[in-house]
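# An overview of the molecular structure
Listed below are the residues making up each chain.
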Amino acid sequence: MTIFTFTLILLLGAYLAGLAGSLTGLGGGVVIIPLLTLYFHVDIRYAIGAALVASIATSSGSASAYVKEGITNVRLGMFLEIATTAGAVIGAILAIYTPVNIVAILFGVMLIFSAAMTLRKKSEAALITGSKWSYKFKLNGSYPTKDGPVDYKLNNVGAGFSIMTLAGMLSGLLGIGSGALKVLAMDTAMKVPFRVSTTTSNFMVGVTAAASAVVYLQRGYIDPGIAFPVIIGVLAGAFTGSKLLMKINVNSLKLIFSIAITLIALNMIYNGFNHKF
Amino acid sequence: MTTKENKKMTDYDMEQLIGQVLRLGVLISGSVAIVGGIWYLYQQGSGLPHYSTFNGEPAGYTSLTGILSGLAKGSASEIIQLGVVILIATPIVRIFFSLVSFIIEKDRLYIVITSIVLFIILFSMFAGLKV
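Since the model is a prediction, treat every value here as computed from it, not as a measurement. (Residues numbered from 1 in each chain as written. Chains lettered and ligands numbered in written order. Predicted model: local features only at pLDDT ≥ 70, side-chain atom pairs only at ≥ 80, totals over all residues.)

Counting secondary structure elements, chain B contains five helices and zero strands. Reading the secondary structure of chain B in the N-to-C direction produces α-α-α-α-α. Taken over the C-alpha atoms alone, chain B extends approximately 65 × 30 × 30 Å along its principal axes. By the burial criterion, 37% of the 131 residues in chain B qualify as buried. Pairs at least 24 residues apart make up 59% of the contacts formed inside chain B by residues separated by at least 6 positions. (Helix = DSSP H or I, 4+ residues; strand = E, 2+ residues; numbered from the N terminus. Buried ≥ 20, exposed ≤ 12 C-beta atoms within 10 Å, placed from the backbone. Contact = placed C-beta atoms within 7 Å.)

So, about the overall build of chain A. Looking only at helices and strands, one finds 11 helices and two strands in chain A. Taking 2.2 N^0.38 as the reference for a compact globule, 277 residues should give roughly 19 Å; the C-alpha atoms of chain A span a radius of gyration of 18 Å, in line with that estimate. C-alpha atoms of chain A, sized along the principal axes, occupy 60 × 40 × 30 Å. A burial count over chain A gives 60% of its 277 residues as buried. Considering only residue pairs separated by 6 or more positions, chain A has 81% of its internal contacts joining residues 24 or more positions apart. (Rg over C-alpha atoms; globule rule 2.2 N^0.38 Å.)

Bringing the environment of Lys254(A) into the picture now. Residue and element names in this part refer to chain A. Residue placement: Lys254 occurs in helix H11 (residues 251-273). A residue is classified by how many C-beta atoms lie within 10 Å of it, and Lys254, with 18 of them, is partly exposed. Separated by 101 residues in the primary sequence, Lys254 and Lys153 have C-alpha atoms spaced 29 Å apart. Other than its neighbours up to four places away in sequence, Lys254 contacts Thr24, Thr118 and Leu119.

With that settled, the discussion passes to helix H9 (residues 194-219) of chain A. Compared with the 38 Å implied by 1.5 Å per residue over 26 residues, the 36 Å span of H9(A) between its first and last C-alpha is a close match. When the local axis directions of H9(A) are compared, the greatest deviation, roughly 30°, occurs at Ser212(A). (Expected span 1.5 Å × (residues − 1). Bend = angle between axes of the 7 residues up to and from the residue.)

This paragraph deals with the UniProt feature "transmembrane region" (unreviewed entry) in chain A. All names here are of chain A. Following the UniProt record, the feature "transmembrane region" (unreviewed entry) maps to residues 46-67, 161-181, 201-218, 225-246 and 252-273 here. As annotated, residues 201-218 has a helix share of 100% and a strand share of 0%, and its two end C-alpha atoms lie 26 Å apart. Between the first and last C-alpha atoms of residues 225-246 the distance is 34 Å; the span itself is 91% helix and 0% strand. (UniProt positions renumbered as here; feature names shortened; annotations may be inferred.)

Bringing the packing of helix H3 (residues 44-69) of chain A against helix H4 (residues 76-105) of chain B into the picture now. Geometry of a packed helix pair, given as the angle between the helix axes and the separation of the axes. The interhelical angle for the contact between H3(A) and H4(B), taken along N-to-C directions, is 55°, at an axis separation of 10 Å. Looking at the two axes, H3(A) sits oblique to H4(B). The interaxial crossing formed by H3(A) with H4(B) has left-handed handedness. Every residue of H4(B) that contacts H3(A) at Val53(A), Ile56(A), Ala57(A) and Ser60(A) is listed here: Val84(B), Leu87(B), Ile88(B), Thr90(B) and Pro91(B). Its residues assigned to classes, the contact of H3(A) with H4(B) comprises seven nonpolar, two polar and no charged. (Axes fitted to C-alpha atoms, helices over the stretch in contact; angles between N-to-C directions. Parallel < 35°, antiparallel > 145°, perpendicular 65-115°, else oblique. Left-handed = near helix turned anticlockwise from the far one by under 90°. Nonpolar A, V, L, I, M, F, W, Y, C, P; charged D, E, K, R; others polar.)

Let us look at the interface of chain B and chain A. At the interface, 57 residues of chain B touch 57 residues of chain A. Within the side of chain B that touches chain A, the residues separate by chemical class into 30 nonpolar, 23 polar and four charged.

We now examine H4(B). Residues and elements named next belong to chain B. A rise of 1.5 Å per residue sets the reference length of H4, with its 30 residues, at 44 Å; its end C-alpha atoms lie 43 Å apart and thus fit the reference within 8%. The sharpest bend along H4 reaches about 35° and sits at Thr90, with the proline Pro91 one to four residues further on. Burial analysis of H4 places 21 of its 30 residues in the buried class, which makes it a mostly covered element. The first or second residue beyond H4 is Lys106, which carries a positive phi of 55°.

What follows is about the nonpolar core. Of all hydrophobic cores here, the largest spans 126 residues; its most connected members are Ile32(A), Ala50(A), Val53(A), Val230(A) and Ile231(A). Dropping the residues within four chain positions of it, Ile32(A) is found in contact with Ala14(A), Ala17(A), Ala47(A), Ala50(A), Ala51(A), Ala54(A) and Val230(A). (Core = buried A, V, L, I, M, F, W, Y, C linked by C-beta atoms within 7 Å.)

Look at the UniProt record and you will see "transmembrane region" (unreviewed entry) annotated at residues 21-42, 79-97 and 109-129 of chain B. End C-alpha to end C-alpha, residues 79-97 of chain B measures 26 Å, and it is 100% helix and 0% strand.

The next subject is the packing of H9(A) against H4(B). At a closest axis distance of 9 Å, the pairing of H9(A) and H4(B) adopts a crossing angle of 135°. Classed by the angle they form, the pair H9(A) and H4(B) counts as oblique. Of the two possible hands of crossing, H9(A) and H4(B) adopt the one that is left-handed. Contacts between H9(A) and H4(B) involve Gly206(A), Val207(A), Ala210(A), Ala213(A), Val214(A) and Leu217(A) on the former and, on the latter, Val84(B), Ile88(B), Thr90(B), Pro91(B), Ile92(B) and Ile95(B). Looking at the contact of H9(A) with H4(B), its residues break down into 10 nonpolar, two polar and no charged.

Right, dumping it as structure tokens:
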């Protein structure tokens, strides 16, 4: 395979990754790593570099629209970014001491968790009263709906902050956005309505990924020949996805995608245990 | 009432500004990557990929000075890496603009919070964690 065909196939793969990532909310990174490692037999460290780039591209691309619509809670995102960026720096340091097959196994586990999170029941309920810390840090807000703006309050700020630190660490170690863990922290712990938590999580992914990407770029994980088809493909795919999202029902797509992701994850875990990375 | 209205306006303005910054960053980095990518394929498209073993990238691709000196020579790989750097810089610039907005809004709590996030990223950038 020449560089030319490699680039074309990767461009197509990245396009599909961006498309599936934006339709299911999983982000572009989770598909890029298995595509590069299992299909192209690219070293997992280059794949992590590429996934970070993909995560920043999808996050920034779609966040620009959500922020303007006023759904994203910018203060909540900013506050929790302390946890995710600190976690990401720790993750990037841990990566030096973590064998690549362990990284692959962790990635597989994270993938299965993400697939399960995609299928969970979503709660749009808004709390009437928040916890003491939610007022102290001005984290409560409102977001626009068809029937006018809805106010919501937050709970369990400490628990949310802790899960976010873990999400940041995994993001720094594995190169993914950890969107699933971020949503878990906001939905399940802090009781943020899911439209706000999804968009705020997406908003945070770019900053979290940038915190470790500056380290990985200097470590030589980001290769130009892999990076450019990934950036262009993922951006184009995410753009198509955001247009399609309004028109199609994504529930069956999410189910198919989750099953596919789980199979890929098992493959990654199997290969990890057999030291095939 | 007026103070509350004003505050709402600046929050709204900040959201529009942040959205604009993110969109612009993605557009510029995507365009630079396309230009570099086409040039790269023209130069090296018939070669063979070498990604199954990890060698790390040469110094020219991993530092800003290296990328800039490669650009001066018209090297395609460095043009792509410039696109990558712009992409990584986009969320960081977004934080910087948030900081400015919070300063204008005189939201002291969030000036501190945003500065902490900015500090962590700058630490990550310059602390020499690349080992």
